Amino acid sequence: HREQELEQARRVAADAQRRLELALRAESDLVWEHDVVTRESYFPPGFYRMLGWPVPVPLATGPDLIRHVADEDGIARLRAAIQAAAAAGKDAFEAEVDFRRPDGSLVPVAVSGVLSRGEDGQIVRLAGTAQHVEVELVHEGAVARRRPAEAGLELRRGQEARSQGG
């Protein structure tokens, strides 16, 4: 019976590892982590590709990487969101941060995450996802452009139906 439990635990762990590996290879919702104590961050390869930067090796980055690739206003918004969540006793936060491409242009990124606290209640780790906002904005723009065209088509169909029926 004990061996069956161990085998099941191994399968669960292998499944979790597989899902984590898939998440880390993602190109849209990218997993990230920041150690508040050491000030080191981890961003997956897809994060760097999204911004057009070469993928660093090793992937775990040095202290304060975000200062080199993020706009100061975006860092301020992120810091404010984290502080507001912490002050409200919440563990989740969201902010939009503009990250810099190598050519200096900015990429809007929706950052959401959770706060992890140590035994003393102090925040020790931040982790979450980052999503390229331009992709969503392009999609929303296409939907918004379609809506008037679809409304016009429906109006014409209604007029045609009335003229054929009357």
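These lines cover the structure that appears in this document, whether it is placed above or below. (Residues numbered from 1 in each chain as written. Predicted model: local features only at pLDDT ≥ 70, side-chain atom pairs only at ≥ 80, totals over all residues. Heavy atoms only, no water.)

**Description of helix H4 (residues 72-87)**
Then step 1. Taking 1.5 Å per residue, 16 residues should reach 22 Å; H4 reaches 22 Å between its end C-alpha atoms and fits that length.
Then step 2. Where H4 starts, the residue carrying a side-chain oxygen 3.2 Å from the main-chain nitrogen of aspartate 73 turns out to be aspartate 71.
Then step 3. Glycine 89 sits one or two positions beyond H4 and adopts a positive phi of about 75 degrees. (Helix = DSSP H or I, 4+ residues; strand = E, 2+ residues; numbered from the N terminus. Expected span 1.5 Å × (residues − 1). Polar contact = N/O pair within 3.5 Å; in protein donor to acceptor, adjacent residues only side chain to side chain.)

**Remarks on the packing of aromatic side chains**
Then step 1. Going through the model one piece at a time under the given rule, you end up with four aromatic pairs.
Then step 2. With a centroid separation of 4.3 Å and 25 degrees between ring planes, the pair formed by phenylalanine 43 and phenylalanine 47 is classed as stacked.
Then step 3. An angle of 90 degrees between the planes, with centres 5.7 Å apart, marks the rings of phenylalanine 47 and tyrosine 48 as edge-to-face. The exposure classification of phenylalanine 47 matches that of tyrosine 48, with both residues buried.
Then step 4. In this structure an aromatic cluster arises from ring pairing among Phe43, Phe47, Tyr48 and Phe99. (Phe/Tyr/Trp six-rings, centres within 6.5 Å; stacked < 30°, edge-to-face > 60°. Buried < 20%, exposed > 50% of the residue type's maximum accessible area, 1.4 Å probe, protein only.)

**With respect to the pattern of salt bridges**
Then step 1. Following the criterion strictly, the structure yields seven salt bridges and no others.
Then step 2. Across the pair glutamate 7 and arginine 11 runs a salt bridge, and its minimum N-O distance is 3.8 Å. With glutamate 7 and arginine 11 both in helix H1 (residues 2-25), this residue pair falls four residues apart, about one helical turn.
Then step 3. What makes arginine 11 partly exposed here is its relative accessible area of 46%.
Then step 4. The closest approach of N and O atoms between aspartate 35 and arginine 125, which form a salt bridge, is 3.3 Å. Highlighted residues: aspartate 35 in strand E1 (residues 29-35) and arginine 125 in strand E6 (residues 123-132), separated in sequence by 90 residues.
Then step 5. A network of salt bridges, in which partner residues are shared, links Glu7, Arg10 and Arg11. (Salt bridge = Lys/Arg side-chain N within 4 Å of Asp/Glu carboxyl O.)

**Quick look at the pairing of E6**
Then step 1. Pairing between E1 and E6: seven bridges, direction antiparallel. If you follow aspartate 35 over to E6, its bridge partner there is arginine 125.
Then step 2. Inspection of the sheet shows strand E5 (residues 106-117) paired to E6 by nine bridges, in the antiparallel sense. Paired with serine 116 across the two strands is arginine 125, which belongs to E6.
Then step 3. The turn joining E5 and E6, which pair antiparallel and follow one another in sequence, is formed by five residues; a positive phi near 90 degrees is taken by glycine 121. (Pairing = 2+ DSSP bridges.)

**Thoughts on the layout of surface pockets**
Then step 1. There is about 550 Å³ of room inside the largest pocket.
Then step 2. As for the largest pocket, its lining consists of 19 residues, of which His34, Leu78, Arg79, Ile82 and Leu126 are closest to the centre.
Then step 3. Those elements that provide at least two residues to the lining of the largest pocket are E1, helix H3 (65-69), H4 and E6.
Then step 4. It is H4 that provides the largest number of residues to the lining of the largest pocket, a total of five residues. (1 Å grid on protein atoms, 1.4 Å probe; cavity = no way out; pocket = protein on both sides within 12 Å on 5 of 7 lines; lining within 4 Å. Points joined across faces, edges and corners; volume = space filled by probe spheres on them.)

**Comments concerning the environment of aspartate 29**
Then step 1. Tracing the backbone through its elements, the reader meets aspartate 29 in strand E1.
Then step 2. Expressed as a C-alpha distance, the spacing of aspartate 29 and valine 111, which sit 82 residues apart in the sequence, is 9.5 Å.

**Overview of unusual backbone geometry**
Then step 1. With a phi close to 65 degrees, arginine 39 is a non-glycine residue in the positive phi region.
Then step 2. Of note, arginine 39 is situated in the loop between E1 and strand E2 (40-42).

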